[in-house]
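In case you want the letters, here they are:
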Amino acid sequence: MNILLLSPGYPGEMPSFTRGLADVGAHVYGVGDQHPGALPESVRERLAGYLQVRSLWDEAAVVEAVRRWPEARRIDKVECLWEPGMLLAARLREGLGVDGLGVAQTLPFRDKERMKQVLDAAGLRTPKHVRCNTTAECWDAAEQIGFPIIIKPIAGAGSADTYRVDSADELRAVLPRLGHVPEVSVEEFVDGSEFTFDTVCIEGQVAYFNVAWYRPRPLVARSNEWVSPQVIALRNVDQPALAGGVKLGHDVIRALGFRSGFTHMEWYLKADGEVVFGEIGARPPGAHQVDQMNYACDFDVFREWGRAVAWGRFDVDIERKYNVSTIYKRAVGQGRIQRVVGLDRIRKLYGEHIVWDNLLPIGAPRRNWRNTLVSDGFLMLRHPELQSLVSISDDIGENLQIFAG
């Protein structure tokens, strides 16, 4: 099986997917705008070929360059695991005449309004929503839906440029911040807990799924620098409280006609038990959440994803052994990391549960917390009992402190 993989070396988790494909015997051909010498060594040694293009975002030029590439005659499938490249991957499939989601099937995964229109037609519960291109249309949508509302980019990923708006005064303040966004979705604000439904699918059938719990919900975490966001991959995905969200996830994949590969869906559970769709991407979650899945089940999800897309199989018995939490930390102050307070105590108390210490080292420049959930690093830990894990995670969130200056 010869698979063309877009951007095999970037962002940071792509090398693991490159490895996953190679590990199951696929021949991986990369296309990206990185110089071959800039690719991680773990990627270079696993690629059967690599085509450097000037820019991945000039889709017509990339399609033409790939079609002229001699190796393209061997390609059986095109894969992309990075949100901005989804439509390019679809155009390459059509240009090369290979199987997989085409442009029309991919658009609902990139266009949040089209996505919800498809699901509305299938009778699935989505937030009330309106596509807006102008300030006037945003005001009309707010009046139609009623405050509070959410404003988010039509083609965005994660919670970037996403705002909760509770009043006309807040809307007046937010709209100028969205001047660089060509289209937005104005939506009903759904008050509830937020979860994921992440899958590896094979020809429309869910071979594996993961449910993660956001603490707090991403919009809150992205709006408050002092928050240490948590994502918890849940061990007991069969609990009654999650049943509606799991069913919704299966229904969404069916309605959108997803075929094979990773999906990442977000959904809400309201206090009255109602389940509401959030959004879905035809890609894995970021911020090392696939690594969480590995630690939850003790198997290599990157490899099994590779087996699913290359050979149509998922060859492990799924046993969820642990809840897995990632606590993302944000430094106080600006500049370079100066000191970390509380880590020795945390290691002494919880060391047996910590599976990954990814905190930035002393002297490293602080990252912009608005641009990456990973922020200034994280601790990942696991525990078979959820309440114990939550208590440990809260201790780390409140009492581990990083200072920059």
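Our subject in this report is the structure included herewith. (Residues numbered from 1 in each chain as written. Predicted model: local features only at pLDDT ≥ 70, side-chain atom pairs only at ≥ 80, totals over all residues. Heavy atoms only, no water.)

### Overview of the overall build of the chain
Argument step 1. Summing up its helical and strand segments, the chain has 14 helices and 19 strands in all.
Argument step 2. For 405 residues, the compact-globule estimate of 2.2 N^0.38 gives 22 Å, and the C-alpha radius of gyration of the chain, at 21 Å, lies within 12% of that figure.
Argument step 3. Principal-axis analysis of the C-alpha atoms places the extent of the chain at approximately 55 × 55 × 45 Å.
Argument step 4. A buried classification covers 55% of the 405 residues belonging to the chain.
Argument step 5. A separation threshold of at least 6 residues defines the contact pool for the chain, and within that pool the share at least 24 residues apart is 66%.
Argument step 6. Summed over its atoms, the accessible surface of the chain is roughly 17,200 Å², and 47% of this surface lies on carbon and sulfur atoms.
Argument step 7. Taking the average location of the 47 positive side-chain charges in the chain and that of its 53 negative ones, the two points are 3 Å from each other. (Helix = DSSP H or I, 4+ residues; strand = E, 2+ residues; numbered from the N terminus. Rg over C-alpha atoms; globule rule 2.2 N^0.38 Å. Buried < 20%, exposed > 50% of the residue type's maximum accessible area, 1.4 Å probe, protein only. Contact = heavy atoms within 4.5 Å. Areas by Shrake-Rupley, 256 points an atom, 1.4 Å probe, with all protein chains shown as cover. Lys, Arg positive; Asp, Glu negative; His and termini not counted. Charge placed at Lys NZ, Arg CZ, Asp CG, Glu CD.)

### Let's talk about the packing of aromatic side chains
Argument step 1. Per the counting criterion, the structure on display carries 15 aromatic pairs.
Argument step 2. With 5.8 Å between their ring centres and 70° between their planes, Tyr-328 and Phe-378 make a pair best called edge-to-face. Highlighted residues: Tyr-328 in strand β15 (residues 323-328) and Phe-378 in strand β18 (residues 378-383), separated in sequence by 50 residues. Across the pair, Phe-378 and Tyr-328 agree in class, each one buried. (Phe/Tyr/Trp six-rings, centres within 6.5 Å; stacked < 30°, edge-to-face > 60°.)

### As for the layout of surface pockets
A water-sized probe, rolled over the atoms, reveals where empty space remains.
Argument step 1. By volume, the second largest pocket is sized at about 400 Å³.
Argument step 2. What lines the second largest pocket is a set of 18 residues, and nearest its centre among them are Trp-226, Val-227, Ser-228, Lys-329 and Gly-397.
Argument step 3. Counting only elements with at least two residues in the lining of the second largest pocket, the list comes to α14 (386-399) and β19 (401-404).
Argument step 4. Per-element tally for the lining of the second largest pocket: the top contributor is α14, with three residues.
Argument step 5. Of the residues assigned to the lining of the second largest pocket, the class counts are six nonpolar, five polar and seven charged. (1 Å grid on protein atoms, 1.4 Å probe; cavity = no way out; pocket = protein on both sides within 12 Å on 5 of 7 lines; lining within 4 Å. Points joined across faces, edges and corners; volume = space filled by probe spheres on them. Nonpolar A, V, L, I, M, F, W, Y, C, P; charged D, E, K, R; others polar.)

### With respect to the side chain of Ser-185
Argument step 1. Structurally, Ser-185 is set in strand β8 (residues 184-188).
Argument step 2. Residue Ser-185 is classed as buried on the basis of its relative accessible area, which comes to 0%.
Argument step 3. Polar side-chain contacts of Ser-185 include one of 3.1 Å to the side chain of Glu-187.
Argument step 4. When residues no more than four places from it in sequence are discounted, the contact partners of Ser-185 are Glu-113, His-129, Val-130, Ile-150, Ile-151, Lys-152 and Ile-154. (Polar contact = N/O pair within 3.5 Å; in protein donor to acceptor, adjacent residues only side chain to side chain.)

### Quick look at the pairing of β15
Argument step 1. Of all the six residues making up β15, six are buried; the element is thus mostly covered by neighbouring parts of the structure.
Argument step 2. Examined bridge by bridge, β15 and β18 share six bridges and lie antiparallel to one another. Pairing of Val-324 across the sheet is with Arg-382, part of β18. (Pairing = 2+ DSSP bridges.)

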